[in-house]
Amino acid sequence: MSTLYLFHPAALDHRTPLGHPERPDRVRVIERILEDERFSALVREQAPMATPELVALAHPEAYVAAIAEAAPTEGLVAIDADTSMSPGTYEAVMRGVGAAVQAVDEVMTGKVKNAFSGMRPPGHHAERTRAMGFCFYNNAAVAARHAQKAHGAERVAIMDWDVHHGNGTQDIFWDDKSVLYASTHQMPLYPGTGAASERGTHDTIVNAPLRPGDGSEAFREAFEVAILPRIESFAPDLIVISAGFDAHWRDPLANLNLTEEDFGWATRKLLDIAERRCGGRVVSLLEGGYDLEGLARSVAAHVKALMEA
Ligand SMILES: [Zn+2]
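Residues numbered from 1 in each chain as written. Predicted model: local features only at pLDDT ≥ 70, side-chain atom pairs only at ≥ 80, totals over all residues. Heavy atoms only, no water.

Undergrad: Please provide a residue-by-residue account of the packing of aromatic side chains, values included.
TA: If you walk through the whole model with that rule in mind, you get nine aromatic pairs. Summarising the aromatic geometry, the rings of Tyr-5 and Phe-116 are spaced 6.3 Å apart at their centres and angled 15° between planes, so their arrangement reads as stacked. Highlighted residues: Tyr-5 in strand E1 (residues 3–7) and Phe-116 in strand E5 (residues 114–117), separated in sequence by 111 residues. Here the two residues Tyr-5 and Phe-116 agree in accessibility, since each one is buried. Three or more aromatic residues joined by ring pairs form one cluster here, namely Trp-161, Phe-245 and Phe-263. Sitting over the ring of Trp-249, Arg-250 keeps its end group 5.7 Å from the ring centre. (Phe/Tyr/Trp six-rings, centres within 6.5 Å; stacked < 30°, edge-to-face > 60°. Helix = DSSP H or I, 4+ residues; strand = E, 2+ residues; numbered from the N terminus. Buried < 20%, exposed > 50% of the residue type's maximum accessible area, 1.4 Å probe, protein only. Lys NZ or Arg CZ within 6 Å of the ring centre and 35° of its normal.)

Undergrad: A description of the coordination of the zinc ion should follow, citing residues and the corresponding values.
TA: Bound to the zinc ion on the protein side are Asp-162 (OD), Asp-162 (OD), His-164 (ND1) and Asp-246 (OD), at distances that span 2.0 to 2.8 Å. Note that the zinc ion binds four donor atoms; their angles at the metal cover 52 to 154°, and the shape is irregular. We note that the donor set of the zinc ion lies within a single chain, spaced as D-x1-H-x81-D. Linking His-164 in the loop between strand E6 (156–160) and helix H6 (167–173) with Asp-246 in the loop between strand E9 (238–243) and helix H8 (260–278), this pair joins segments that are 82 residues apart in sequence. (Donors = N, O, S within 2.8 Å, 3.2 Å for Na, K, Ca; no water. Tetrahedral: all angles 85-135°; square planar, octahedral: opposite > 155°, others 65-115°.)

Undergrad: Describe the sheet that holds E6, listing the residues and the values that go with them.
TA: Spatial strand order, E2-E1-E5-E10-E9-E6-E7-E8: eight strands in an open sheet with parallel pairing. Strands at the two margins of the open sheet, each flanked by one partner only, are strand E2 (43–46) and strand E8 (205–210). If you compare each strand with its neighbour and ignore which way they point, the axes differ by 15° on average. In terms of strand pairing, E1 meets E2 through four bridges, oriented parallel. Considered in E2, the bridge of Leu-4 is made with Val-43. (Pairing = 2+ DSSP bridges. Axes fitted to C-alpha atoms, helices over the stretch in contact; angles between N-to-C directions.)

Structure follows, in structure tokens:
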């Protein structure tokens with residue numbers, strides 16, 4: 001069985017202001033490291049465009065349209081304090097959602113065993129009706145809903161190990177008992193949500209916040225004690241990973257001290273559950289990660305683990 005890697009050069013055309021950490025070089029270094037010989041067995045496909053109807057699985061139609069209409073024909077337009085659109089942003093965003101949908105299609109039909117999308121911008125801060133934190137549409141949320149609507153998945157688990165809490169994904173699934181949202185993240189940190197007491201209407205939100213300075217040991221303990229048993233007992237039909245790599249010790253936006261091997265370890269733990277519960281079905285979507293070397297090394301460890309499943 002094989003691992004699918006989805007990318008499209010349109011991801012480079014989402015421009016951000018000079019000095020902004022969420023920049024095209026992020027996906028350039030991922031492309032470069034995945035060209036290495038050890039990744040030659042990857043199935044490589046171009047990320048297709050999503051349709052507004054697919055995006056509307058996770059956002060109201062009026063919001064879907066408002067983002068499309070906000071895209072400028074030249075220059076940059078600010079959506080919030082740290083989120084802006086350039087002329088290439090809309091296509092990058094739509095191919096990011098399209099990659100998530102295609103990954104779900106191929107994993108759910110057994111064409112590939114698992115999949116990784118290396119597209120940007122990220123998505124987990126995008127709430128039902130609000131773009132924020134570099135995010136416009138919530139890729140992971142669309143992936144989960146598409147697996148349910150198009151492939152009959154009853155329960156989907158989303159694991160978010162980005163160093164920031166995925167307030168958007170939590171918002172979208174707050175009262176949806178068919179989707180488990182689990183997150184490890186630094187607290188306090190942007191966006192401020194993600195306390196362990198935030199559990200959702202049906203106790204299907206699982207937040208395991210970590211303290212600034214925490215490293216491998218605290219992360220692995222939180223993962224094994226607070227996260228994995230909940231995903232296992234939820235018995236998902238698909239596991240979606242919001243794969244941010246900004247908890248790496250090199251990352252400039254936060255203060256956790258994970259190594260790339262922690263991401264490989266966490267990937268293998270989720271693959272073990274997926275093997276027992278859902279035929280190994282895992283879809284992983286790039287979120288954050290802002291130190292180019294830490295990001296590339298972490299993606300390599302993550303994708304290698306996916307390929308060895
Ligand atoms: Zn992040």
